[in-house]
Amino acid sequence: MIGSFRKSASYFVATTMLVLLSPRVVGAFVRQSSSSAVQRKGACTAAFSGLVSVPPRRIPSSPHAHLRRSTTSITSRFLSVEAANHQPVEEEQEEQQGPIDHTPLVDFVSSSSSESNFLDSYQLPESPDYIPLERPGQRLVCIGDVHGDLPALKQFLKVAGVYNNDNDTNENCWTGGDTVLVQCGDITDRGDEELACFQLLAKLGREAKLAGGQVVMLYGNHEAMNAAGLFQYAYPAGNAEFESKVGTNLLDKALGTVRWRAQYAGNVPARWAAMEPGGILAKTLLQQFKVAVQVGKTVCVHAGLTEQHLKDYGGVEGMNKAAREWIVDSASLLDEEQNAYGEFTSVDQVMDSAQRRAKTIVSAMPPCLGGGIGAKSPVWMRDYSQPADMPPKNPDAQSMADAALDAVDGDRMVMGHTPQRRINGALQGKVWRVDVGASRGVNSGTPEVLEVTANSDGTESVHILTSSGQRVDAMKDRLIKSASTVDAKLYF
C-alpha cells in the first residue's frame, strides 16, 4: 500500500523499525541496511539516553549515522538534564511515579490558555474541495514548493499580489480580496523556517476568508513523510525551529518536564510531536490540508492525478476525506503509545513503543498519500513533470492527463514536486509545472506564480506573474511544444 519509501526513511526508522516490521513493509521504507541488531539496539540506547533532541548538525550521508553515538547511562543523562535545570533528580523521579498518562500531548497544550495561543496562530480555515470562480476577473493564483524558505514564500505572495509584506507583523496582510491562493505542497524539509511558513499562510487564510478569498494548502510528499516520522530531508536549523517553538517553549512548559520526548526515541521529538496524526498541528492546521482541489476549471495537486486515482480513491472528495481522517481520527490508534511523562523502564520498552507508533501511523496512511521515489501516487508521481523544462518522457502522459481532466470536467492540472527553471506548461496546456525550486535548500530559483483569471464569457485565461513585474501570456510564451523549442522559447 505504501510503496517504496527508500530514501524517505528517517534516522530512527532506518535503525529500529527493522526489528519488528515485516520484510515487505521494511522494504517500503529503507534501503538495505548493513547494521546489525546489536548496532541498532546500541543506537536506540543512545537515543533513549539522550531523551532531549540531538543538537543540530549536518545531515550525515548515512541515514542512521547520527544515532551511532557512544552510549551513556539513562541515569547519567537525567543527572545532566536536571543539573542544567537546577532541579533535584529525586523530585523529578517522584513526580513521575504512578500509572502511565496516555493523554495526547496536544491536550496539555489545549488546556492551557497561554499555550493555546500557539494553536490559534496555526488555525487554517476550512475550504471546499471545489471552489468556483464566480465573477469575471476573479483569480486563482498557484505557488509551488516552498521548503521552509520564508523569504521565498513572501516573495511568492508579493508576486501574486495577495500580501502586504510591509505589514506582516500586524493584521490585514492579505491584499488579494476574493482571490483563491493554492500552495501546492512541500512547505516542510530542506529549509530553516517551516513553522514560520505554516504560520504565515494560516494567518493569510484567516484574513482571506474575511475578504471573500481562500487560502488552500496541499499535501506534498514531504508533509506526508513528516507526518509519518520520516525526517531524512529535514535541515538542522529546521529541526531547531521545531525544538524551540514546539519543544522548549510549548510542550516543556505545558507538561513541566522534558520527559515527553522519550516516547519518540530520539527521532526529532518536537517535529514528530507536531506533525504526527493527532499531533500538535493536526486539528488546527493539517486537517485542512488537501490532496487535491479544483478551482474553476483548474485542478491543483502536488505531483499529479490520473483517472485511476480518481476511481480508486473516490475522486477529489474521497482523497481529501481519507487524508483528513488519517491525520485526525487515526490518532486514536496511538492511544496506548502516548506517554506524556516518559514512563519507561528500559531501552527495549522505548524501542518497542516507538516502533509500534511508526508502524501504526504508516499502516493507517491512505494510499493517496503513500509512495516513495518512483511511485505513482498523487504526491509522488512525475509522469507529467519529468524531465524538468521538457515535454514529459512518459509516452502516455497526454492521454493520462486528458482522461483525468475529462473525469473532473477540468481544463488544466497544476502541480509542483519537480523543480523547473521557470513555470511552464506541457501536453497542449493540460499540465502546468509551478515548482521553480525557489527555496535556498533546492535551487534558489526566482519565484513565479501561475494566475488563472475568470473571463466574462465563461472561459479562463492563464498568465505567469514574474518577480520582475511581468504578466506573461502562459499559452503563448511558456508552453513547451517539443524538446527542440525549450531553450529558444523559455530561457534565451
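Everything discussed here concerns the structure shown above.
Residues numbered from 1 in each chain as written. Predicted model: local features only at pLDDT ≥ 70, side-chain atom pairs only at ≥ 80, totals over all residues. Heavy atoms only, no water.

J.: Whenever I open this one, the sheet that holds strand β5 (residues 292-295) confuses me. Can you help?
T.: Sheet strands pair by backbone hydrogen bonding; their relative direction is either parallel or antiparallel. On the basis of which strands lie adjacent, the open sheet formed by six strands has the order β1-β5-β6-β7-β9-β8 and mixed pairing. Whereas interior strands pair on both sides, the edge strands pair on one side only; in this sheet they are β1 (130-131) and β8 (424-426). Inspection of the sheet shows β5 paired to strand β6 (residues 298-301) by four bridges, in the antiparallel sense. Along β6, the bridge assignment pairs V295 with T298. Its contacts with the sheet put helix α16 (residues 397-408) on β5, β6, β7 (412-415) and β9 (431-433), and the angle it makes with β7 is roughly 110°. (Pairing = 2+ DSSP bridges. Helix = DSSP H or I, 4+ residues; strand = E, 2+ residues; numbered from the N terminus. Contact = heavy atoms within 4.5 Å. Axes fitted to C-alpha atoms, helices over the stretch in contact; angles between N-to-C directions.)

J.: What exactly am I supposed to notice about helix α8 (residues 150-160) here?
T.: Since there are 3.6 residues in each turn of an α-helix, residues three or four apart along the chain are aligned in direction. Within the span of α8, buried status applies to L150, A152, L153, F156, L157, V159 and A160. Against β2 (139-143), β3 (180-183), α9 (194-211), β10 (448-454) and β11 (460-466) lie the buried residues of α8. The N-cap of α8, judged by a side-chain oxygen 3.0 Å from the amide nitrogen of A152 a few residues on, is D149. After α8 finishes, the residue G161 shows a positive phi value of roughly 75°. (Buried < 20%, exposed > 50% of the residue type's maximum accessible area, 1.4 Å probe, protein only. Polar contact = N/O pair within 3.5 Å; in protein donor to acceptor, adjacent residues only side chain to side chain.)

J.: Which parts of the structure should I look at to understand the packing of α9 against helix α11 (residues 236-255)?
T.: Helix-helix packing: each pair is described by the crossing angle between the helix axes and the interaxial distance. Where α9 meets α11, the axes come as close as 8 Å, and the angle between the chain directions of the two elements is 65°. Of the residues in α11, those touching α9 at E194, L195, A196 and Q199 are G238, E241, F242, K245 and V246. Tallied by class, the residues present in the contact of α9 with α11 amount to four nonpolar, two polar and three charged. (Nonpolar A, V, L, I, M, F, W, Y, C, P; charged D, E, K, R; others polar.)

J.: Looking at this model, I keep getting lost on the packing of α8 against α9. Mind explaining?
T.: Following both chains from N to C, one finds α8 and α9 inclined at 25°, their axes separated by 9 Å at the closest point. As judged from the angle between their axes, α8 and α9 are roughly parallel. As for the relative orientation of α8 and α9, their crossing is right-handed in sense. Contacts from L150, L153, K154 and L157 in α8 reach A196, C197, L200, L201 and L204 in α9. Among the residues forming the contact of α8 with α9, the class breakdown is eight nonpolar, no polar and one charged. (Parallel < 35°, antiparallel > 145°, perpendicular 65-115°, else oblique. Left-handed = near helix turned anticlockwise from the far one by under 90°.)

J.: Mind showing me how you'd approach the side chain of D186 here?
T.: As for its position among the elements, D186 is in the loop between β3 and α9. One buried charge, D186, has no salt-bridge partner; the nearest side chain with opposite charge is R190, at 5.6 Å. Every residue in contact with D186, bar those within four places of it in the chain, is listed here: D145, V146, H147, G220, N221, H222, E223 and H302. (Lys, Arg positive; Asp, Glu negative; His and termini not counted. Salt bridge = Lys/Arg side-chain N within 4 Å of Asp/Glu carboxyl O.)

J.: What is the right way to look at the pairing of β10 in this model?
T.: Sheet faces and side chains relate simply in a regular strand, where the side chains alternate between the two faces. Burial of β10 is extensive: seven of the seven residues sit out of reach of the surface. On β10, burial covers both faces: E448, L450, V452 and A454 on one face and V449, E451 and T453 on the other are all buried. With four bridges joining them, β2 and β10 adopt antiparallel strand pairing. If you follow L140 over to β10, its bridge partner there is V452. Here seven bridges tie β10 to β11, and the two strands are oriented antiparallel to one another. The residue bridging E451 from the neighbouring strand is H463, located in β11. A loop of five residues connects β10 with β11, the two strands running antiparallel in sequence, and G458 in this loop sits at a positive phi of about 90°.

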